[in-house]
Amino acid sequence: MSIESRPTAAPAGAPSEAAPQGASQADDRSSEAARSGDPRDGAAGPADGAGGGADRAVSETLEDYTLRFAPRRYRRWTPMVVATTALGGIAYLADFSIGAGIGLTHGTGNALAAIALAAAVIFLTGFPLAYYGARYNIDLDLITRGSGFGYYGSVLTSVIFASFTFIFFALEGSIMAQGLKLGLGLPLWLGYLVSTLMVIPLVIYGMKALSKLQVWTTPVWLLLMVGPLLYLVSTDPGTVTRFLAYPGDGGDGGVNTASVLLGAGVCLSLIAQIGEQIDYLRFMPPKSPANRRAWWTAVVMAGPGWVVLGALKQAMGVFLAVYILSEVGPAAATEPIQQFRGAFDAMMPSWLVVPLAVVLVVISQIKINVTNAYSGSLAWTNSVTRVTRHYPGRMVFVLVNLTFALILMEADMFSFLNDILSFYSNCAIAWIVTVATDIMVNKYVLKLSPLAPEFRRGMLHAVNPVGVVAFVAASGLSIAMYFHALGDTLQPYSPVAAALIAFVVTPLMAVVTRGRYYLRRADDGIDEPMLDEDGNPSAVRYECHVCRQEFERPDLAACPAHDAVVCSLCLSTDRSGAHLLPAGPATG
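Note that the structure is a prediction, hence the values are computed from the model and not measured. (Residues numbered from 1 in each chain as written. Predicted model: local features only at pLDDT ≥ 70, side-chain atom pairs only at ≥ 80, totals over all residues. Heavy atoms only, no water.)

Let us look at the environment of Ile 429. With respect to the element layout, Ile 429 can be found in helix α21 (residues 417-443). Residues Ile 429 and Pro 495 lie 66 residues apart in sequence; the distance between their C-alpha atoms is 7.2 Å. Filtering out sequence-adjacent residues up to four positions away, Ile 429 remains in contact with Leu 268, Ile 271, Thr 434, Pro 495, Ala 498 and Ala 499. (Helix = DSSP H or I, 4+ residues; strand = E, 2+ residues; numbered from the N terminus. Contact = heavy atoms within 4.5 Å.)

The structure is reproduced here in structure tokens:
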């Protein structure tokens, strides 16, 4: 069947000036309320499936665009506004702890080499993902579905991303608790609880509150973070010499492959950060000849470019840890609160040192942990919605994510931080490299994977062995190596193995399967082209006949039971399968 082009309204024009991501209009977003509809019996409206809970759905789904394509009429800000807001989300202090831990263990030379190696891998793999997120206005989970994993297969990676958010929430919460202990005398267990509970009010309002928070706090954060380092280097050049010469715990100061790879494995745990960057980049305006340069600059800067600032913070963490090592000892030298207390102590009155250090830690923790809690809740919601075909409400998973994080904090995860991150990085690397390879090699070189990403239920196979097999093989073997199952000699090479196996197996599986499992069908039954004349997702709108709301062309498919269209979330929650198109030719 084929639905004729019957747009319900002309595409909305985007104004030339725009607010950051969270400043998009709430009244526009309220139309998403009907996503709670449960289309079990044909054309059920929102109230039929939601039991009259539409008002609750308005507040809970106000910001949940990671569950679907981000429509053009909401993307009203310029490329530079998107980039600036996205970079405000990487204010976390975990980089200082990560860098310090690597430097104190392996020495400055090995730490800097490990940081540089990890940054290069993260940049190269993050670039194609950032491009797809910005170009097609979808988040990393939706990209993953059509890049080798399939509709249900990508649930695996959604859990990996959700784990990333609560692991790093716990890390940042631990850092904040250390600051509250030093500044206010709160015991750590209470500090963990405070750092967890204080973000809930902000997460309720989602990205709107976060954007305002980042804009107002970023100047203070930058001044407090960079000022002490510049002061130390300019007034005491000897600190640089001691930093560069530090040999590490029992080391001789030399650079060796095993130490570099072990350190890089810890840094590579941050590879999944590209998912949070894409949560912003999917709101980029359409790419056009007029904004081409600004568009690409924003994508590179806010996409893979985040790792440049991240690597600099890790190197600063090594510097500050070496600077305060003799005063506080190796255990406390990895704590950012102690690092900045020592740095502030060298440049200002003693009565101001601790308060400023605490302010820096609290600002940084809030800035990133609202994003962690929010993105994690969306990842859980996305997974559960697909598996159960029911939209459970985002706030349930905010609390789930925060509970996991609090358990890690109370278990003192900070004391075995590098072990957790090293283990986790094997899974994260396997996922990101698999998706990046599918885009770069399978789509553009082998041309076995569809160039435009597909994410709608009914258009994709449930599981695509290309990505799933590559991910399981890469993560499984690298984890076995990490736990010495293949011998002590190979143990440091587990992150390298994860990347190489994913890079090799992904195109190999595409060739073996001849790309048969990417698309369940190629034609979605709508005559209107998916892309406009500039290659951007079409802004033509149709009304979903299930929830009675308007959505743009990429978020819809024809309904086989009616001469109408149905949106992607109604397809996801269709328990009867009445709205799903039948399997058909995978090429069109």
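In an α-helix, one turn spans 3.6 residues, which is why side chains three or four residues apart end up on the same side. Regarding helix α15 (residues 292-302), the residues found buried are Trp 295, Ala 298, Val 299 and Ala 302. With its buried residues spanning 100° around the axis, α15 presents them on a single face. Buried residues along α15 sit against α4 (79-87), α6 (108-136) and α14 (273-281). (Buried < 20%, exposed > 50% of the residue type's maximum accessible area, 1.4 Å probe, protein only. Arc of directions from axis to C-beta.)

Now for unusual backbone geometry. One non-glycine residue, Asn 137, lies in the positive phi region at around 60°. Tracing the backbone through its elements, the reader meets Asn 137 in the loop between α6 and α7 (140-149). Look at Arg 514: it is not a glycine, yet its phi comes out positive at around 55°.

What follows covers the pairing of strand β3 (residues 556-559). Note that β3 and strand β4 (residues 564-567) share four bridges and pair antiparallel. The residue of β4 that forms the bridge with Cys 559 is Ala 564. Two successive antiparallel strands, β3 and β4, enclose a turn made up of four residues. (Pairing = 2+ DSSP bridges.)

Bringing the pattern of salt bridges into the picture now. Throughout the structure, instances matching the rule amount to 13 salt bridges. In this structure, Asp 95 engages Lys 313 in a salt bridge whose closest nitrogen and oxygen atoms are separated by 3.4 Å. Within this pair, whereas Asp 95 is found in helix α5 (residues 94-106), its partner Lys 313 is found in helix α16 (residues 306-328), the two being separated by 218 residues in sequence. No difference in accessibility class separates Asp 95 from Lys 313, as the two residues are buried. We note a salt bridge from Arg 282 to Asp 279, for which the minimum N-O separation is 3.7 Å. Each member of the pair, Arg 282 as well as Asp 279, carries the same accessibility label: buried. (Salt bridge = Lys/Arg side-chain N within 4 Å of Asp/Glu carboxyl O.)

Here α5 crosses α16 at 60°, and the two axes come no closer than 7 Å. Accordingly, the angle class assigned to the pair α5 and α16 is oblique. Seen along the crossing, α5 lies across α16 with a hand that is right-handed. Packed against α5, whose contacting residues are Asp 95, Phe 96, Gly 99, Ala 100, Gly 103 and Leu 104, the element α16 presents Gly 310, Lys 313, Gln 314, Met 316, Gly 317, Val 318, Leu 320, Ala 321 and Leu 325 at the interface. Split into classes, the residues belonging to the contact of α5 with α16 amount to eight nonpolar, five polar and two charged. (Axes fitted to C-alpha atoms, helices over the stretch in contact; angles between N-to-C directions. Parallel < 35°, antiparallel > 145°, perpendicular 65-115°, else oblique. Left-handed = near helix turned anticlockwise from the far one by under 90°. Nonpolar A, V, L, I, M, F, W, Y, C, P; charged D, E, K, R; others polar.)

If you walk through the whole model with that rule in mind, you get zero disulfides. Free of any disulfide, Cys 547 has its nearest cysteine sulfur in Cys 544, 3.7 Å distant. For Cys 547, a relative accessible area of 2% translates into the label buried. Of the cysteine sulfurs around Cys 559, a residue in no disulfide, the closest is that of Cys 544, at 8.8 Å. On the basis of relative accessibility, which here comes to 0%, the residue Cys 559 falls in the buried class. (Disulfide = S-S within 2.5 Å.)

On inspection of all chains with the given rule, the structure shows 20 aromatic pairs. Members of the aromatic cluster, each reached through a chain of ring pairs, are Phe 127, Tyr 131, Tyr 132, Tyr 136, Trp 295 and Trp 296. It is Arg 73 that lies over the ring of Tyr 74; its NZ or CZ is 5.0 Å from the centre. (Phe/Tyr/Trp six-rings, centres within 6.5 Å; stacked < 30°, edge-to-face > 60°. Lys NZ or Arg CZ within 6 Å of the ring centre and 35° of its normal.)

It is worth spelling out the nonpolar core at this point. The biggest cluster of nonpolar side chains holds 141 residues, and the ones touching the most others in it are Phe 168 and Trp 431. The dominant element in this core, judged by the number of residues it contributes, is helix α8 (residues 155-184), at 14 residues. With residues near it in sequence (within four places) discarded, Phe 168 still touches Ala 94, Ile 98, Ser 269, Leu 270, Asn 369, Asn 372 and Leu 421. (Core = buried A, V, L, I, M, F, W, Y, C linked by side-chain atoms within 4.5 Å.)

On to the environment of His 484, then. Relative to the elements of secondary structure, His 484 occurs in the loop between α22 (465-482) and α23 (494-513). Separated by 10 residues in sequence, His 484 and Ser 494 place their C-alpha atoms 9.5 Å apart. At a separation of 2.9 Å, a polar atom in the side chain of His 484 contacts the side chain of Asp 488. (Polar contact = N/O pair within 3.5 Å; in protein donor to acceptor, adjacent residues only side chain to side chain.)

Moving on, we come to the packing of helix α18 (residues 336-345) against helix α19 (residues 350-388). Where α18 contacts α19, the two axes come as close as 9 Å, and the packing angle between them is 140°. Judged on the interaxial angle alone, α19 and α18 are oblique. Considering how the two elements wind past one another, α18 and α19 form a crossing that is right-handed. Counted together, Ile 337, Phe 340, Arg 341, Phe 344 and Asp 345 of α18 and Val 353, Val 354, Leu 356, Ala 357, Val 358, Leu 360 and Val 361 of α19 form the full contact between these two elements.

With 85% of its residues at a pLDDT of 70 or more, the chain shows a mean pLDDT of 83. Across residues 9-62, confidence stays below pLDDT 50; counting only partners more than four residues off in sequence or on other chains, it has 112 contacts. (pLDDT = per-residue confidence, 0-100.)

For α18, the buried fraction is high: nine of the 10 residues fall into the buried class. Within the span of α18, buried status applies to Pro 336, Ile 337, Gln 338, Gln 339, Phe 340, Arg 341, Gly 342, Ala 343 and Phe 344.

On the surface, a cluster of nonpolar side chains totalling about 430 Å² of accessible area is made up of Tyr 444, Val 445, Leu 446, Leu 451 and Val 511. Structurally, Leu 451 can be placed in the loop between α21 and α22. Taking the relative accessible area as the measure of exposure, Leu 451 reaches 43% and is therefore partly exposed. (Patch = residues over 30% accessible without salt bridge, like charges linked within 9 Å, V, L, I, M, F, W, Y side chains within 5 Å. Areas by Shrake-Rupley, 256 points an atom, 1.4 Å probe, with all protein chains shown as cover.)

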